[in-house]
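Results of the structural survey
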Amino acid sequence: MMRLPFLKNGLPPANQFLPIIVGVLIAGLFLMVGLVLITPHLEPPGRGQAANVTGYSAQGFKGLRDVLEASDYKTSLTRQASGPQRISDLVIVTLDGDGALFNDDPEYTEPQPVPEESASSSAQATASASLTSADMQAKAKQAQAEASASRAAQEASSTSFQAEDQAKKRDDIWPTPSAEKSDRLLYNPVGKVVLVVAPKWAAGPMPSHPRWDINPSFQSPNSVFAQLTLLSPVRKKAVQEDGETRYKITYQRLNYALGRAPLGRYKSYALSPAEGQKTLTKAYTSGRIRGLQSLSGPNLTPLLLGPDGEVLLSQVNAMPGEKPFKAPVYLLSEPDLMDNQMLADAERVAGALSIIKAIAPDAKTVAFDVTYNDLAYEQDLLHHVSRVPFIGVPLCLLVLAVAMLWSAYSRFGPAHDPSTDTPHGRGVTVLADNAARLIAKAGREPKLAPAYAQLVRDQALKALGLGRHSAGPDELAERLSEKHNTPERYSALRAEADRLSNPMQLLSWARRLHAWKHQITER
């Protein structure tokens, strides 16, 4: 069997690794507790094609945060989805079609008016099961051509959509909005004023620069309208069916109108305050914007208009019969007025700041609520255990680590050496130590001198190989004293042992006895 060069003498004893193992365990425990307690307060890493405050691309809002901080606003990210939270003066919510906006529980929704399928559609579904490979390639090319035609139409001409018209289409698929997110937006916001930024762009990452956009296009009208359902109350009620608890979710599809300018060219727009309102009073120029987007609806009061009356900023109102909102809620229809693209135009930056000052004139703190962007930290187990009541788990681990540290490094006396320890174990050693203390307490130590003299005598004889001799041990010890001409004879030391009366005399006598032994055994 081949032996490794560094194991010439074999493996060291396992107990030598014990301090290292304990140290690694303690260090790992402290590191785990630190991660549990610190990670929830760390900001998420920057992302590319994300229309939120972490996005560095054209459609992100990292630049808005930097502008606000440069303007003496104190900004923060809100990642806690539930529980007591700090209320900021202004909270900004950026919608981007993330999964957190929609409900993923089993639910029932109110029936919506969707056209019934005709018999021809059923026949088409049957025929599609027997498509050949060539047919599938032809359909893929047709879909690609339709997408190119749709993009060309977006670039060439203005478009407008009505929510009711989109609901009548056969491909109408609206995900169910989250009741919790709607309630957080309208009735339990984390800010005294709420600014919602509508979605607009969909883009892919550039291969050479993953944080940059490539081939940006408009989000589908259905996607925009589905996200806007959060601007009206979403009610969630538990129902029992077949012995199981399910949820019935009801919400309104308000008839929003979505308008978009041509995507193909950039254009600067003169923006002006709407009449009949006093929130906004300052007009400004938007700078070069592509595909100006506007939104109007029955629950929206226009505040900022484009040159042709496009509604770019509006206040969201409760519909008749609905509970009033807890805080003022505003909707920014055109996200390019505040996303990273605004950094290319100084007047647009000034306009964004004027909007924020107008809707929240006394604001000093601004929070970006990223729980709407799938960045809530409750989704992670580590983040769960950093809050009450689970905070007790890392605290207990911390106490355990301290106890292990104390146990590993605190000792009662010097470390034990296995080579010199008694072979009878620690119990016998403790028993002997207790007996010695008891004898000392009783003042009987000098009485041990005769027996101790015999013990030292036997050790000397054994060291010289005279353990088995015809002569008696005392006689041999005396002969050795004469042979080595020791200053003191063993017989005199043995006789003195019977006359000792205190520990000091015993200590002096024991030193002389050991000197006699050394003189005999070392020569």
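One can find the structure itself at the top, above this paragraph.
Throughout what follows, the structure given in this document is the object of discussion.

Analysis parameters
- Residues numbered from 1 in each chain as written.
- Predicted model: local features only at pLDDT ≥ 70, side-chain atom pairs only at ≥ 80, totals over all residues.
- Heavy atoms only, no water.
- Salt bridge = Lys/Arg side-chain N within 4 Å of Asp/Glu carboxyl O.
- Helix = DSSP H or I, 4+ residues; strand = E, 2+ residues; numbered from the N terminus.
- Buried < 20%, exposed > 50% of the residue type's maximum accessible area, 1.4 Å probe, protein only.
- Expected span 1.5 Å × (residues − 1).
- Arc of directions from axis to C-beta.
- Contact = heavy atoms within 4.5 Å.
- Pairing = 2+ DSSP bridges.
- Axes fitted to C-alpha atoms, helices over the stretch in contact; angles between N-to-C directions.

Looking now at the pattern of salt bridges. Scanning the entire structure with this criterion turns up 14 salt bridges. Between aspartate 474 and arginine 457 there is a salt bridge, and its shortest N-O distance comes to 2.5 Å. With aspartate 474 in helix H13 (residues 473–484) and arginine 457 in helix H12 (residues 449–463), this pair connects stretches of sequence that are 17 residues apart. Classification of arginine 457 by relative accessible area gives buried; the value is 8%. The network of salt bridges with shared partners includes Lys200, Glu334 and Asp336.

Here the focus is H12. The terminal C-alpha atoms of H12, which comprises 15 residues, lie 21 Å apart, in line with the 21 Å expected from a rise of 1.5 Å per residue. Residues of H12 that are buried include every one of Ala449, Pro450, Ala453, Val456, Arg457, Ala460 and Leu461, and no others. An end-on view of H12 places all buried positions within 135° of arc, on one side of the element. Across H12 from its buried face, at more than 90 degrees, point the exposed residues Lys462 and Ala463. On its buried face, H12 is in contact with H13, helix H14 (490–497) and helix H15 (503–521). Directly beyond the C-terminal end of H12, a positive phi value near 75° is found at glycine 465.

The next subject is the side chain of aspartate 339. By secondary structure assignment, the location of aspartate 339 is in the loop between strand S16 (329–332) and helix H8 (346–359). Excluding residues within four positions of it along the chain, aspartate 339 makes contact with Ala58, Gln59, Gly60, Phe61 and Trp201.

Moving on: the sheet that holds S16. One key point about sheets: their strands pair by backbone hydrogen bonds, in either a parallel or an antiparallel sense. Across the sheet, which stays open at both edges, the 9 strands sit in the order S1-S17-S2-S5-S16-S15-S14-S11-S12 with mixed pairing between neighbours. Since the sheet does not close on itself, it has two edges, and those belong to strand S1 (74–78) and strand S12 (284–290), each with one partner. Strand-to-strand, the axes of this sheet are offset by a mean angle of 30°, without reference to chain direction. Contacts between H8 and the sheet are confined to strand S2 (90–94), strand S5 (194–197), S12, strand S14 (300–305), strand S15 (311–316) and S16, with S12 contributing the most and set at about 120° to the helix.

Spatial relationships are all this shows, so hold off on functional conclusions.
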